[in-house]
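# Reading the structure
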Amino acid sequence: MKLYNTLSRQVEEVKPLQAPKVTVYTCGPTVYDFPHIGNWFTFIRYDLLVRTLKLTGFEPQWVMNITDVGHLVSDADDGEDKLEKGAQREGKTAWDVAKVYSDYFTEGLKRLNFVPPTELPKATDHIAEQITLVQELETQGFTYVIDDGVYYDTSKFPKYADFARLDLDEQQAGARVEVNAQKRNPTDFALWKFSPTDHQRDMEWDSPWGKGFPGWHLECSAMSRKYLGDTIDVHSGGIDHVPVHHTNEIAQSEAITGKPLANLWMHTNHILINDEKIAKSAGNGITLEDIEARGYSLEAFRLHVLESHYRSQSKFSWESLEAAQNRLKNWQALADLRWQTREDGTENTDWSIPESYIKEKLGNDLNTPEAIITIDRHADIVTYIPKNVVDQFVQFLEFVDGAFGLTLSRGHDITDEQKQLIAERESARERKDWPESDRLRDLLKEQGIGVRDTDHGAIWYRL
RNA sequence: GGCGCCUUGGCGGAGUAGCUACGCAGCGGUCUGCAAAACCGCGUACACGGGUGCAAAUCCCGUAGGUGCCUCCA
């Protein structure tokens, strides 16, 4: 199993510390609003990672955090809290908002057929661990206190710029004006923010430094350590996290443990809609509900996600989703051949061949586009399944479902009545009673069943 | 200003050197009772200019355009 490692900027073999166990940490959602499809793109790709690790013989332990603490829009004093803002918008407390959207998210994982993560820890359940972490950093001299909080002094961590290959001096030259003049370095970030004095926050906790709330990078350092130990095998997140969030996580965790936070860092690229990034202000925040409202299945959406490579900046369009849905139908038609086996025939596909090919492609930095072709090819060529290989075929379908998170193997046969209609149509055709055979074909069509005639009889498929 | 990425046919999107994926859409044909499916052919696909190779979409240099991040962000 090979993956591109942001740390080395190269494709590397995954080498877990305690194989076959492999620890995976994913930076999860901030639950202040409905996730848009760009968010789901990312999470589906981590699901793919976990599935592929399983496929290649590993036993993944997958932890994805849920950020349910409201963090400031920026570290500047005038920043707004996303959760509190969401609460204001909906006339609720930040706690209510966090609950609603975190429930929505976990429900979404099920709707999209995710492998259930081993843990889905919430930041608000790990305040004590986060405070401990700040204390450890304080003991080791990495912190300082200013008016609005406890900060991390990035100049004390010499490797700070290494991970993202930042050029701190040049960056400062063109960066926007730093609002907080009390910070020692522009890259310094809050570990613990003090509550404002003029009003009460919905979410705040006592700490050795006063009432407040944790900085937003802190939870990942605290929770990954708690659940997966000092060094994670694969740490994943959106590409936008490289220069700030993950850089800061590394600074926090490695300052304390002296060990690598993760051996391999996987980052997914973002998608574009109409050549623009997804942003609430652009009004292109499409949700799962929008997809379903247009008549597309979430399974088609999942397949659409897998059609592009996770490191490329791919595009979303309704046309592409339509194409994915058609592709899925082709695959479903192939899967439905399991109900239409024949005793005789020379068709003799060895289903272990595409299986190992798909494994090989996925194992090579999750090359889903190439893996997908394999199934297309077979969906084109195979017209029936001999009875004696149906078990192997079903096993292949289960393999595909496991690899891509689909439900091809969970299909069901058509009803006896429908089979009867097909048989009647067959005999009508033998009698050359074309009006009757066309009537029966239309009847089946109304029931969502298409029929096509081959040299070895009629084959049905779902429309 | 800094750090990156990208540019493939009507659309989407693969492809790290040689035989030119795949899905969607179009045209012509074979086949078919009609369909469907499949297959064949077509619309001369690889931003531009150099370079290195017997050979480049694929490697190197440059140009143009686009785009992401540096601020919350998947």
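That block above? That's the structure.
First things first, this report covers the structure right here in the doc. None of the values given here were measured: they were computed from a predicted structure.

## Considerations on the sheet that holds strand β10 (residues 262–268)
Pairing within the open sheet is parallel, and its four strands lie in the order β4-β3-β9-β10. The sheet is open, and its two edges are formed by β4 (59–64) and β10, each paired on a single side. Taken pair by pair, the neighbouring strands of this sheet meet at an average axis angle of 25°, ignoring direction. As defined by bridge partners, strand β3 (residues 21–26) adjoins strand β9 (residues 232–238) across three bridges and the pair is classed as parallel. Across the sheet, Thr-26 pairs through a bridge with Ser-236, a residue of β9.

## A few points about the packing of aromatic side chains
Tallied over the entire structure, the rule returns 19 aromatic pairs. Their ring planes at 80° and their centres at 4.9 Å tell us that Phe-34 and Tyr-104 sit as a pair that is edge-to-face. A residue pair is termed long-range when its members are at least 10 positions apart, and Phe-34 in the loop between β3 and α1 (37–55) and Tyr-104 in helix α3 (residues 94–111) qualify at 70 residues. Ring geometry for Phe-142 versus Tyr-152: centroids 5.6 Å apart, planes at 25°, classification stacked. In this pair, Phe-142 is assigned in the loop between α4 (127–139) and β5 (143–146) and Tyr-152 in strand β6 (residues 149–152), connecting sequence segments ten residues apart. Taking relative accessible area as the criterion, Phe-142 reaches 10% and is therefore assigned buried. By relative accessible area, Tyr-152 is classed as buried at 0%. In this arrangement the basic side chain of Arg-302 is found over the ring face of Phe-114, its NZ or CZ atom lying 5.6 Å from the centre.

## What about the pattern of salt bridges?
Taken as a whole, this structure holds 27 salt bridges when the rule is applied. We note a salt bridge from Asp-153 to Lys-156, for which the minimum N-O separation is 3.7 Å. Within this structure, Glu-136, Arg-225, Asp-230 and Lys-259 form a network of salt bridges that share partners.

Conventions used here
Residues numbered from 1 in each chain as written. Chains lettered and ligands numbered in written order. Predicted model: local features only at pLDDT ≥ 70, side-chain atom pairs only at ≥ 80, totals over all residues. Heavy atoms only, no water. Pairing = 2+ DSSP bridges. Helix = DSSP H or I, 4+ residues; strand = E, 2+ residues; numbered from the N terminus. Axes fitted to C-alpha atoms, helices over the stretch in contact; angles between N-to-C directions. Phe/Tyr/Trp six-rings, centres within 6.5 Å; stacked < 30°, edge-to-face > 60°. Buried < 20%, exposed > 50% of the residue type's maximum accessible area, 1.4 Å probe, protein only. Lys NZ or Arg CZ within 6 Å of the ring centre and 35° of its normal. Salt bridge = Lys/Arg side-chain N within 4 Å of Asp/Glu carboxyl O.

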